Amino acid sequence: MNHAEYMNFFERWLNYQFPDVDDEWVNFYVLREVARIVSDPDDLQHWAGRDCWSMYDLAKQKVPA
């Protein structure tokens, strides 16, 4: 799985879990953080095989309140 495929997959999952307009900015910041996390090929390989909730929790910790 490459970076674009992972981001596409995660974005679809995120928008399915949090579809409300009120979630739009949080989703944006979460996606930005996820992109940063998986920008390293080794990290991408690690996260490609893990569940989305774990990635969400990690990325959400860095999202501004």
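To be clear, the structure that these remarks concern was listed above.
Residues numbered from 1 in each chain as written. Predicted model: local features only at pLDDT ≥ 70, side-chain atom pairs only at ≥ 80, totals over all residues. Heavy atoms only, no water.

**Q** Provide a residue-level description of the packing of aromatic side chains, including the pertinent values.
**A** For the structure shown, the criterion picks out ten aromatic pairs. Between Trp25 and Tyr29, the ring centres sit 6.2 Å apart and the planes meet at 35 degrees, which makes this aromatic pair tilted. Taken together, the residues Trp25 and Tyr29, both in helix H2 (residues 24–37) and four residues apart, mark about one turn of the helix. We classify Tyr29 as partly exposed; its relative accessible area is 27%. (Phe/Tyr/Trp six-rings, centres within 6.5 Å; stacked < 30°, edge-to-face > 60°. Helix = DSSP H or I, 4+ residues; strand = E, 2+ residues; numbered from the N terminus. Buried < 20%, exposed > 50% of the residue type's maximum accessible area, 1.4 Å probe, protein only.)

**Q** If you had to explain the packing of helix H1 (residues 3–17) against H2 to someone new, which residues and values would you point to?
**A** At a minimum axis separation of 11 Å, H1 and H2 run at an interaxial angle of 155 degrees. It follows that H1 is roughly antiparallel to H2 by the angle criterion. The interaxial crossing formed by H1 with H2 has right-handed handedness. Residues His3, Tyr6, Met7, Phe10, Glu11, Leu14 and Asn15 of H1 lie in contact with H2, whose contacting residues are Asn27, Val30, Leu31, Val34 and Ala35. In terms of residue class, the contact of H1 with H2 is built from eight nonpolar, three polar and one charged. (Axes fitted to C-alpha atoms, helices over the stretch in contact; angles between N-to-C directions. Parallel < 35°, antiparallel > 145°, perpendicular 65-115°, else oblique. Left-handed = near helix turned anticlockwise from the far one by under 90°. Contact = heavy atoms within 4.5 Å. Nonpolar A, V, L, I, M, F, W, Y, C, P; charged D, E, K, R; others polar.)

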